[in-house]
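# Examining the three-dimensional arrangement
One letter stands for each residue in the lines below.
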Amino acid sequence: QVQLVESGGGLVQPGGSLRLSCAVSGSIFSILVMGWYRQAPGKQRELVAAITSSGSTNYADSVKGRFTISRDNAKNTVYLQMNSLKPEDTAVYYCNVKGVPAYAGPIENYWGQGTQVTVSS
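What counts as what
- Residues numbered from 1 in each chain as written.
- Predicted model: local features only at pLDDT ≥ 70, side-chain atom pairs only at ≥ 80, totals over all residues.
- Heavy atoms only, no water.
- Helix = DSSP H or I, 4+ residues; strand = E, 2+ residues; numbered from the N terminus.
- Buried < 20%, exposed > 50% of the residue type's maximum accessible area, 1.4 Å probe, protein only.
- Polar contact = N/O pair within 3.5 Å; in protein donor to acceptor, adjacent residues only side chain to side chain.
- Contact = heavy atoms within 4.5 Å.
- Pairing = 2+ DSSP bridges.
- Axes fitted to C-alpha atoms, helices over the stretch in contact; angles between N-to-C directions.
- Phe/Tyr/Trp six-rings, centres within 6.5 Å; stacked < 30°, edge-to-face > 60°.
- Lys NZ or Arg CZ within 6 Å of the ring centre and 35° of its normal.
- Core = buried A, V, L, I, M, F, W, Y, C linked by side-chain atoms within 4.5 Å.
- Disulfide = S-S within 2.5 Å.

Once that is clear, we can look at the side chain of Thr77. Of note, Thr77 is situated in strand β8 (residues 77-82). By relative accessible area, which is 7% here, Thr77 ends up buried. There is a polar contact of 3.0 Å between the side chain of Thr77 and the backbone oxygen of Lys75. If sequence neighbours within four positions are ignored, Thr77 has contacts with Cys22, Ala23, Met34, Ser70, Arg71 and Asp72.

An order of β1-β3-β8-β7 is seen for the four strands of this open sheet, with the pairing classed as antiparallel. The open sheet has two edge strands, β1 (2-7) and β7 (67-72), and neither has a second partner. Shown here is a sheet whose adjacent strand axes are inclined to one another by a mean of 15°, direction ignored. As defined by bridge partners, β1 adjoins strand β3 (residues 18-26) across six bridges and the pair is classed as antiparallel. Directly across from Leu4, in β3, lies its bridge partner Val24.

In this section: the pairing of strand β10 (residues 108-111). A regular strand places its side chains so that they alternate between the two faces of the sheet. Examined bridge by bridge, strand β9 (residues 91-101) and β10 share four bridges and lie antiparallel to one another. By the bridge assignment for β10, Lys98 is matched with Asn109. Remark: six residues form the turn of the hairpin made by β9 and β10, two consecutive strands paired antiparallel; Ala104 in that turn has positive phi of roughly 65°.

This part covers the packing of aromatic side chains. What the rule picks out here adds up to one aromatic pair. The ring of Tyr79 carries the charged tip of Arg19 above its face, separated from the ring centre by 4.3 Å. Across the ring face of Tyr94, the terminal group of Arg45 is positioned such that the distance to the ring centre comes to 4.0 Å.

This part takes up the nonpolar core. By size, the foremost hydrophobic cluster in this structure holds 29 residues, and its most contacted members are Trp36, Leu80, Met82 and Tyr93. Going through the elements one at a time, β3, β4 (28-39), β5 (46-52), β7, β8, β9 and β11 (115-119) are the ones with two or more residues in this core. Discounting residues that sit within four places of it in the chain, Met82 has contacts with Gly16, Ser17, Leu18, Leu20, Arg66, Phe67, Tyr93 and Val117.

Here we come to the state of the cysteines. A full pass over the atoms with the stated rule returns one disulfide. Each sulfur in the disulfide pair Cys22 and Cys95 lies 2.1 Å from the other. Since a negative S-S torsion denotes a left-handed disulfide, the Cys22-Cys95 link at about -85° is left-handed. In this pair, Cys22 sits in strand β3 while Cys95 sits in strand β9, placing the two residues 73 residues apart along the sequence. For the residue pair Cys22 and Cys95, the accessibility class agrees, reading buried in each case.

With that settled, consider the environment of Gly10. Following the sequence through the fold, Gly10 ends up in strand β2 (residues 10-12). With relative accessibility at 24%, the residue Gly10 sits in the partly exposed group. C-alpha of Gly10 to C-alpha of Arg71: the two residues are 61 residues apart in sequence and 21 Å apart in space. Apart from residues no more than four positions distant in its own chain, Gly10 is found in contact with Leu18, Gln116, Val117 and Thr118.

Geometry only, nothing functional implied.
Written out as structure tokens, the structure is:
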């Protein structure tokens, strides 16, 4: 079994910062991609940032220059540093991992439980 545990969400004022963490544990053989998605009320879930096993990254245009994704391979943990937060960043943020199970099955997607980020005065 594979588990993703998220932490770091909360309420901040515009211009503030938050750091999200997602720790992966369980029977996973190889992690290919780690990323963060978000979903605001009434909107579709969108990709915020992703990082590959080689360290390549990509970001949504709306967060580029403000957010930074990173990973610690030894700890199987992915982070999202969010700076200069705006009210439109308010959403539930979900950690996502694409990987190969330890039993050598097909590539699967795993999701965290979601953490609320609210940016408001």
